[in-house]
Amino acid sequence: MNHLVSPSMLSADFANLFRDIEMINNSKADWFHLDIMDGVFVPNISFGFPVVERIKSLAQKPLDVHLMIVDPDRYLERFRDAGADWLTVHYEACTHLHRTLSQIRKLGMKAGVSLNPHTPVEVLADILEETDLVLLMSVNPGFGGQKFIQNTYSKVERLRAMIDARKLDTLIQVDGGVDTSNADQLYKAGVNVLVAGNAVFKSQNPHEIIRILKGL
Ligand code: DX5
Ligand code: ZN
């Protein structure tokens, strides 16, 4: 099974964004994880289109954009134009999730859906076929550097069983409190993609952390 790592730019040094983008370009990381927060869906505001566009112009790897915003339908096309390759919306923010995911695919992006820690994976039973990636939040979204919620392992195992039973290739991504102490157990439970913010950017040796997170 493929092990992908998507460092979260929320933990990068915004005064040295070029340096941090180059670090990811030159590392074994697979994607750039970009957290978009609107101050409504989550109690924090991050960054918007100008920053996404600038990262896109320098990134040599796909952009994995995680929308923590209400009513994401309003902005799907703009995120595509800004450079998103993977676009993930929250289950809790979408009244018509089927329509939203179909629209993301129609715009030429891969469609992701994210679940907050309290949302059971079973709610995806009737939408998995339309989903390229499921992002399981392993902290309450809004901030980097929080503690990993242990119940995530059970959610990963249950989701892995649902995906395998239907012979789908939907990727499972975990985001929040991921570091070198839990990466291996997450892969064993069935995760494909690890997001890591603080573990990568607050480290003295981010290349080495990325290598360990990839299981290399
Ligand atoms: C939290 C974000 C995460 C965050 C992860 O709401 O979705 O992507 O940046 O940061 P760490 O890895 O530090 O928990
Ligand atoms: Zn995220």
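Shown above is the structure to which this text applies.
About the thresholds
- Residues numbered from 1 in each chain as written.
- Chains lettered and ligands numbered in written order.
- Predicted model: local features only at pLDDT ≥ 70, side-chain atom pairs only at ≥ 80, totals over all residues.
- Heavy atoms only, no water.
- Donors = N, O, S within 2.8 Å, 3.2 Å for Na, K, Ca; no water.
- Tetrahedral: all angles 85-135°; square planar, octahedral: opposite > 155°, others 65-115°.
- Helix = DSSP H or I, 4+ residues; strand = E, 2+ residues; numbered from the N terminus.
- Buried < 20%, exposed > 50% of the residue type's maximum accessible area, 1.4 Å probe, protein only.
- Contact = heavy atoms within 4.5 Å.
- 1 Å grid on protein atoms, 1.4 Å probe; cavity = no way out; pocket = protein on both sides within 12 Å on 5 of 7 lines; lining within 4 Å.
- Points joined across faces, edges and corners; volume = space filled by probe spheres on them.
- Nonpolar A, V, L, I, M, F, W, Y, C, P; charged D, E, K, R; others polar.
- Pairing = 2+ DSSP bridges.
- Axes fitted to C-alpha atoms, helices over the stretch in contact; angles between N-to-C directions.
- Near = heavy atom within 4 Å.
- Polar contact = N/O pair within 3.5 Å; in protein donor to acceptor, adjacent residues only side chain to side chain.
- Areas by Shrake-Rupley, 256 points an atom, 1.4 Å probe, with all protein chains shown as cover.

A.B. asks: Help me get a handle on the coordination of the zinc ion (ligand 2), residues and values and all.
C.D. replies: Taken together, H33 (NE2), D35 (OD), H66 (ND1) and D175 (OD) make up the protein donors of the zinc ion (ligand 2), found 2.0 to 2.3 Å from the metal. Taken together, the 6 donor atoms surrounding the zinc ion (ligand 2) define angles of 70 to 167° at the centre, an arrangement classified as octahedral. When the donors of the zinc ion (ligand 2) are listed by position in the chain, the intervening gaps give H-x1-D-x30-H-x108-D. Residue H66 is found in strand β3 (residues 63–68), and its partner D175 is found in strand β7 (residues 171–175); the two are separated by 109 residues along the sequence. H66 sits in the buried class, given a relative accessible area of 0%.

A.B. asks: Help me get a handle on the environment of P62, residues and values and all.
C.D. replies: Within the secondary structure layout, P62 lies in the loop between α2 (49–58) and β3. Accessibility expressed as a relative area gives 31% for P62, which makes it partly exposed. Distance in space between the C-alpha atoms of P62 and D30 is 7.5 Å, their sequence separation being 32 residues. The contacts of P62, once residues within four sequence positions are left out, are D30, W31, F32, D85 and W86.

A.B. asks: Outline the layout of surface pockets, listing residues and values.
C.D. replies: The space that makes up the largest pocket amounts to roughly 250 Å³. Around the largest pocket sit 25 residues that line it, and G144, G145, D175, G176 and G177 are the ones nearest its centre. When contributions to the lining of the largest pocket are tallied by element, the ones reaching two or more residues are β2 (32–37), β3, β8 (193–196) and α7 (198–201). Its residues assigned to classes, the lining of the largest pocket comprises 11 nonpolar, 11 polar and 3 charged.

A.B. asks: Can you tell me about the sheet that holds strand β6 (residues 133–137), naming the residues and giving the values?
C.D. replies: Pairing within the open sheet is parallel, and its 8 strands lie in the order β1-β8-β7-β6-β5-β4-β3-β2. On the outer flanks of this sheet lie β1 (4–7) and β2, each paired with one strand and no other. Ignoring strand direction, the axes of neighbouring strands in this sheet form an average angle of 25°. With 3 bridges joining them, β7 and β8 adopt parallel strand pairing. Bridged to Q173 within β8 is V193.

A.B. asks: Outline the site of ligand 1, supporting the account with residue identities and numerical values.
C.D. replies: Not every one of the 20 residues close to ligand 1 is listed here, only the nearest: S8, D35, G142, D175 and G197. Between an oxygen atom of ligand 1 and a main-chain N or O atom of G145, the distance comes to 2.8 Å. One of the side-chain N or O atoms of D175 is found 2.7 Å from an oxygen atom in ligand 1. Considering ligand 1 on its own, with 380 Å² of exposed area, one finds that the protein chains cover 99% of that surface. Listed by contribution, the elements that provide at least two residues to the shell around ligand 1 are β2, β3 and β8. If you tally residues by element for the shell around ligand 1, the top one is β2, at 3 residues. Considering only residue class, the shell around ligand 1 consists of 8 nonpolar, 10 polar and 2 charged.

A.B. asks: Requested: an account of unusual backbone geometry, with residues and values cited.
C.D. replies: One non-glycine residue, D71, lies in the positive phi region at around 50°. Inspection of the secondary structure puts D71 in the loop between β3 and α3 (76–82). Of the residues examined, D71 reaches a relative accessible area of 38% and is grouped as partly exposed. Even without a glycine there, the phi angle at K167 is positive, about 55°. Mapped onto the fold, K167 is located in the loop between α5 (152–165) and β7.

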